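Here is how the chains run, residue by residue.
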Amino acid sequence: MKRLAILILTLAAAMTTACGASDNSGSSQESSESQKQTSGGTTLQDSDPIPETTAPITTAKPEEPIKEITTAKELEIIPQVAEYVEFDLSVEAQEGEYPESITEADELEGASNNSYLTGFSSAQDTWEFKTELPASQYYNVVLVIASDEGAQCENSLLINGEEKGSFSTDGSGKFEAVGFDNIYLEQGENSFGIGVADGGISFDYMMISASDTVSALDLSYKERPQLSNKNADLKTRAVYAYLADVYGKNIISGQYQTVSTNAEAEAIYELTGHYPAIRFGDLISYTEEDTYADDIDKALEWAQSGGLVGYVWHWQDPMGGTGYYSQSFEGAPEELKTSFDLSKAVTDIDIALIPTEDLETMCKEGGISAECLAIIKDIDIVAKQLGDLQSAGVTVLWRPLHEAGGSWFWWGSSVESYQWLWKLMYTRMTEYYELNNLIWIWNGQKPDWYVGDEYCDMISADIYDNAGDSQLSAFLSLRRICPQKMLALSECGRAPEIQLLANEKIMWSFFGIWSGGYVIDEYGEYSEEIISKQEMTDLYSNSIVICRDELPDFDKLAEELNSADSQPEAADSSEAGENADSSTEGE
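Everything numeric in this text was worked out from a predicted model, so none of it was measured.

Of the pairings in the sheet, the one linking strand β6 (residues 154–159) to strand β7 (residues 162–168) comprises 6 bridges and is antiparallel in character. Bridge pairing in β7 links Ser156 to Ser166. Relative to strand β9 (residues 188–195), β6 is paired through 4 bridges, and the arrangement is antiparallel. Within the sheet, the bridge partner assigned to Leu157 lies in β9 and is Ile194.

Working note: α-helix, 3.6 residues per turn, so residues spaced by three or four point in the same direction. Along helix α6 (residues 356–364), the positions that sit buried rather than exposed are Thr356, Leu359, Met362 and Cys363. One face of α6 carries all of its buried residues, which in axial projection span an arc of 110°. Opposite its buried face, α6 presents the exposed residues Glu357 and Lys364, each directed more than 90 degrees away. Just downstream of α6 lies Gly366, where phi reads positive at about 85°.

A contiguous patch of negative charge on the surface is contributed by Glu74, Glu76, Asp549 and Glu550. Structurally, Glu550 can be placed in the loop between β22 (545–546) and α12 (554–586). Look at Glu550 and you get partly exposed, because its relative accessible area is 33%.

Moving on to the sheet that holds strand β4 (residues 127–133). Overall, antiparallel pairing links the 4 strands, which are arranged β4-β9-β6-β7 in an open sheet. In the strand order of this sheet, the two ends are held by β4 and β7, each with one partner. Adjacent strand axes in the sheet meet at a mean angle of 20°, parallel and antiparallel pairs treated alike. Bridging between β4 and β9 involves 7 bridges; their strand directions are antiparallel. Its bridge partner lying in β9, Phe129 is registered against Phe192.

On to the confidence of the model for the chain. Chain-level pLDDT for the chain is 86 on average; 84% of the residues reach the 70-or-more range. Counting contacts from residues 1–60, a segment whose pLDDT is below 50, to residues more than four positions away or on other chains yields 225 contacts.

A few words now on the pattern of salt bridges. Where charged atoms from two side chains of opposite charge come close, those side chains can pair. With the rule as written, the count across this model stands at 11 salt bridges. Taking the shortest distance from any N to any O, the salt bridge between Glu360 and Lys377 comes out at 3.1 Å. Residue Glu360 is found in helix α6, and its partner Lys377 is found in helix α7 (residues 370–391); the two are separated by 17 residues along the sequence. When its relative accessible area of 31% is taken as the criterion, Glu360 is described as partly exposed. Glu535 is the partner of Arg494 in a salt bridge, and the nearest nitrogen-oxygen pair spans 2.3 Å. With a gap of 41 residues between them, Arg494 in the loop between β20 (486–492) and α10 (498–504) and Glu535 in helix α11 (residues 533–539) connect regions that are remote in the sequence.

Following both chains from N to C, one finds α6 and α7 inclined at 165°, their axes separated by 9 Å at the closest point. Taken together, the axis directions place α6 and α7 in an arrangement best described as roughly antiparallel. Between α6 and α7 the crossing geometry is left-handed. Judged by residue contacts, Thr356, Leu359, Glu360 and Cys363 of α6 engage Ala370, Leu373, Ile376, Lys377 and Asp380 from α7. Of the residues that constitute the contact of α6 with α7, the class distribution is 5 nonpolar, 1 polar and 3 charged.

Let's shift gears to the nonpolar core. With 133 residues, the main nonpolar core has Trp398 and Met429 as its most contacted residues. Leaving out residues up to four positions away in the same chain, Trp398 has contacts with Leu283, Tyr311, Val312, Trp313, Val382, Leu386, Met425, Met429, Leu438, Ile439, Trp440 and Ile441. Counting residues in each nonpolar core, the second largest holds 30 residues, with Leu117, Phe129, Tyr139 and Val196 among its members.

Let us now look at the packing of α7 against helix α8 (residues 415–432). Look at α7 against α8: their axes get within 10 Å of each other, and the N-to-C directions meet at 45°. Relative to α8, the element α7 is oriented oblique. Between α7 and α8 lies a crossing whose hand is right-handed. In this structure, α7 contributes Cys372, Ile375, Ile376, Ile379, Asp380, Val382, Ala383 and Leu386 to the contact, and α8 contributes Trp420, Leu421, Leu424, Met425, Arg428 and Met429. By residue class, the composition of the contact of α7 with α8 is 12 nonpolar, no polar and 2 charged.

Its 18 residues place the ends of α8 25 Å apart at the C-alpha level, agreeing with the 26 Å of an ideal helix rising 1.5 Å per residue. Across the 18 residues of α8, 13 count as buried, placing the element largely inside the fold. Glu434 occupies a position one or two residues after α8 and carries a positive phi of about 50°.

Tracing the backbone shows Ala135 in the loop between β4 and β5 (137–147). Beyond its immediate sequence surroundings of up to four residues, Ala135 is in contact with Val85, Leu185, Glu186 and Gln187.

Even without glycine at this site, Asn114 takes up a positive phi of about 60°. You can see Asn114 is positioned in the loop between β2 (103–105) and β3 (116–120). Although it is not a glycine, Ser407 adopts a positive phi angle of roughly 70°.

Applying the stated criterion across every chain, the model contains 0 disulfides. There is no disulfide at Cys363, and the cysteine sulfur nearest it, in Cys372, is 8.1 Å away.

As for its position among the elements, Glu176 is in strand β8 (residues 176–185). One polar contact links the side chain of Glu176 to the main-chain amide nitrogen of Asp170, over a distance of 2.7 Å.

Along the polypeptide, Ser326 turns up in strand β15 (residues 325–326). Residue classification places Ser326 among the buried positions, given a relative accessible area of 10%. When the C-alpha positions of Ser326 and Leu336 are compared, they lie 8.6 Å apart, and in sequence the two are 10 residues distant. Not counting chain neighbours up to four residues away, the residues in contact with Ser326 comprise Lys337, Thr338, Ser407, Trp408, Phe409 and Trp410.

This part covers the packing of aromatic side chains. A full pass over the atoms with the stated rule returns 32 aromatic pairs. Between Tyr418 and Trp449, the aromatic rings sit 5.3 Å apart at their centres with planes inclined by 55°, giving tilted as the arrangement. Of this pair, Tyr418 sits in helix α8 while Trp449 sits in the loop between β18 (438–442) and β19 (458–463), and the two are 31 residues apart along the sequence. Judged by its relative accessible area of 0%, Tyr418 falls in the buried class. Taking the relative accessible area as the measure of exposure, Trp449 reaches 7% and is therefore buried. Relative to Tyr450, the ring of Trp442 has its centre 5.1 Å away and its plane inclined at 80°; by these criteria the two rings are edge-to-face. Both residues of the pair, Trp442 and Tyr450, count as buried. In this structure, Arg428 packs its charged tip against the face of Tyr432, placed 4.2 Å from the ring centre. Across from the ring centre of Trp302, 4.5 Å away, lies the NZ or CZ of Arg548, which sits over that ring.

Conventions used here
- Residues numbered from 1 in each chain as written.
- Predicted model: local features only at pLDDT ≥ 70, side-chain atom pairs only at ≥ 80, totals over all residues.
- Heavy atoms only, no water.
- Pairing = 2+ DSSP bridges.
- Helix = DSSP H or I, 4+ residues; strand = E, 2+ residues; numbered from the N terminus.
- Buried < 20%, exposed > 50% of the residue type's maximum accessible area, 1.4 Å probe, protein only.
- Arc of directions from axis to C-beta.
- Patch = residues over 30% accessible without salt bridge, like charges linked within 9 Å, V, L, I, M, F, W, Y side chains within 5 Å.
- Areas by Shrake-Rupley, 256 points an atom, 1.4 Å probe, with all protein chains shown as cover.
- Salt bridge = Lys/Arg side-chain N within 4 Å of Asp/Glu carboxyl O.
- Lys, Arg positive; Asp, Glu negative; His and termini not counted.
- Charge placed at Lys NZ, Arg CZ, Asp CG, Glu CD.
- Axes fitted to C-alpha atoms, helices over the stretch in contact; angles between N-to-C directions.
- pLDDT = per-residue confidence, 0-100.
- Contact = heavy atoms within 4.5 Å.
- Parallel < 35°, antiparallel > 145°, perpendicular 65-115°, else oblique.
- Left-handed = near helix turned anticlockwise from the far one by under 90°.
- Nonpolar A, V, L, I, M, F, W, Y, C, P; charged D, E, K, R; others polar.
- Core = buried A, V, L, I, M, F, W, Y, C linked by side-chain atoms within 4.5 Å.
- Expected span 1.5 Å × (residues − 1).
- Disulfide = S-S within 2.5 Å.
- Polar contact = N/O pair within 3.5 Å; in protein donor to acceptor, adjacent residues only side chain to side chain.
- Phe/Tyr/Trp six-rings, centres within 6.5 Å; stacked < 30°, edge-to-face > 60°.
- Lys NZ or Arg CZ within 6 Å of the ring centre and 35° of its normal.

Given below as structure tokens:
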């Protein structure tokens, strides 16, 4: 028997998810799971998968007098975008400072000036070059390096003594260029160096150039985004239109809630005087056996209070187990792992629109596997819950099969199986169940896992590293997948610092701070373990971030859309009538 009580006790600590993937912009191979997000190296890197949290609301809260809620004064955020000043500098390795253990060589072909430095083998084998930069702005750095054939060596770029990103050689035995993009540096003297971890490299030269990426960034649309589901209901169209209208100007606040509660939202309200605009929940408990689940009821209450609703789904083993992490994921507790093999469910038969009873017959006859049938049955269960929200007029920001590219969940076993499952779920929910209240958010975390423009409405990243950063490199990486899709920071340990977001023009559609110990303690009271009270107050009290009380009336927006849709028909009818009258007069 799986108990909801156990879920509440363990969810915040055990279910906190990892983020990550690499687009290889700063490394010649994918970053490992333990690597941290950096401003210059690889983007969308993996974070610690299960950060420690305090399981919330497990102890009765002591009785207290009713608190008086005060709202902090809103701070006007004025963007301070760095202006682009041209700068290009090429530095031969021999121009830097380095110890005698590093020597000059000329054996490798293709080196600039037919010579380079070699002998990097220990942390003491440092290399440094100092130069004056003309302006406080963003810069790109390129290192031209090589290692012996078959040797993939990992080292790092240092700027002003701090690591800005790691890089790995490709083991080709030839010189290669490794780039680090959009690093913000102050005007004046800056030092650039190589931090030795593995060593084993030969270093030819370095290039430093000013980057105009941020100054030229424009989040306006060439074409206004449209929902992938052409049958989306009016309310969902209204919500999506609103998201599109504020995108690039504002960021919508979001908060994950401990299952079947609004504890985190209440704690934020008591502190700041504002509720988050989006209540994010998890449908994990609805596909458990013998459990009581009522999170949908909390979502309905939230929507009735004027808020937006979002859902993720930690999909437990469809065959009946309790785990959702893959067996190969070393960072997960054993009780949360599953051996479910998605590849056994994949079929060439188009099953999305086939009734479940017919699929059961097909399974008995060997037409589809038991794994395939189990997946369909779970999708059916979740579709019922989303259908209840649709019946109540609630639009859902729907983010299924999240973080697949990280390979720590069973649905991330392979690109092919994942994309088959996404398209199966999309088609069954939108066409078979006619769920027209969903805004589909793709959160695969790696570009090659993208399901295609026609199967999603937004793109998002989950990032827990470098708290306070705008996550510029992650944003740009997602934007390269599809410039016309709105981008969201769907999970984070803490939201980026809003002034920095404005300065870098990285205006995520929304953010979603994770639940439990990221926000509250075991009594459901606000906890400063991760985010201080002042930081949270500042986050909810400025001109950029939209809170629940600042959302429009989406029912009214839907009515306006309906009216706008009917106007062309009315005009056509009027014109037809006039033509008919003219025809009669002519007779």
